[in-house]
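Structure assessment
If you want the building blocks of each chain, they are given just below.
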Amino acid sequence: MTLSEATKQRFAQEVAKYPAEQKQSAVMACLSIVQQEQGWVSVESEAAIAEYLGMPQIAVHEVTTFYNMYNQQPVGKYKLNVCTNLPCQLRNGQTALEHLCGKLGIEDGGTTADGLFTVAKCECLGACADAPVMLVNDRQMLSYMQADKLDELVAVIRSAEGKAA
Ligand code: FES
């Protein structure tokens, strides 16, 4: 895989934030840029980043796999992560995950056939008192996501995308 000049320019802006001999420190930013541009981080992208930063590909892969915000496969337009760590678990986190999966007809980690939704469990989002908690597209956190609010969320997204609820 060849990085575009535009992508390399964005990488260079991140690398410039660190001392020259520590450009590997920009690895997370470079992975984020690739994900913004392509929606996910492929093995080929990891190889290109490794080459650009002068680090082993396995070291890039270790970062990709450590943080679950990096998508290791293509995801739907709306990635919905439901927290199932213990505090959420005690307040229906697993039930929320299963409700969402059931409503959309997919398994945990799956993507709907129309490519609109991916649902996956995730680790603690740091808002345990608001359980069940979920995250939309790695950016927007939603609290108290009981079944009725999950149904509403799906309906709002489908409506915004011009699809039947
Ligand atoms: S356990 Fe779910 S937000 Fe902390």
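What comes next concerns the included structure. (Residues numbered from 1 in each chain as written. Predicted model: local features only at pLDDT ≥ 70, side-chain atom pairs only at ≥ 80, totals over all residues.)

**Description of the overall build of the chain**
Along the backbone of the chain there are seven helices and four strands. The order of helices and strands in the chain, counted from the N terminus, is α-α-α-α-β-α-α-β-β-β-α. Seen through its principal axes, the chain has C-alpha atoms that stretch 50 × 35 × 25 Å. A burial count over the chain gives 28% of its 165 residues as buried. Put simply, of all contacts in the chain between residues at least 6 apart along the chain, 55% involve residues at least 24 apart. (Helix = DSSP H or I, 4+ residues; strand = E, 2+ residues; numbered from the N terminus. Buried ≥ 20, exposed ≤ 12 C-beta atoms within 10 Å, placed from the backbone. Contact = placed C-beta atoms within 7 Å.)

**What about helix α7 (residues 147–160)?**
Counted at 1.5 Å a residue, the expected span for α7 with its 14 residues is 20 Å, and the 20 Å between its end C-alpha atoms agrees. Positive backbone phi, at 70°, marks Gly162, one or two positions downstream of α7. (Expected span 1.5 Å × (residues − 1).)

**Digging into the packing of helix α2 (residues 27–38) against helix α4 (residues 57–66)**
Contact pair α2 / α4: the axes reach a minimum separation of 10 Å and the direction vectors enclose 70°. As the angle between them shows, α2 and α4 are arranged roughly perpendicular. In this structure, α2 crosses over α4, and the sense of that crossing is right-handed. Between α2, through Val27, Met28 and Leu31, and α4, the contact on the second element is made entirely by Val60, Val63 and Thr64. (Axes fitted to C-alpha atoms, helices over the stretch in contact; angles between N-to-C directions. Parallel < 35°, antiparallel > 145°, perpendicular 65-115°, else oblique. Left-handed = near helix turned anticlockwise from the far one by under 90°.)

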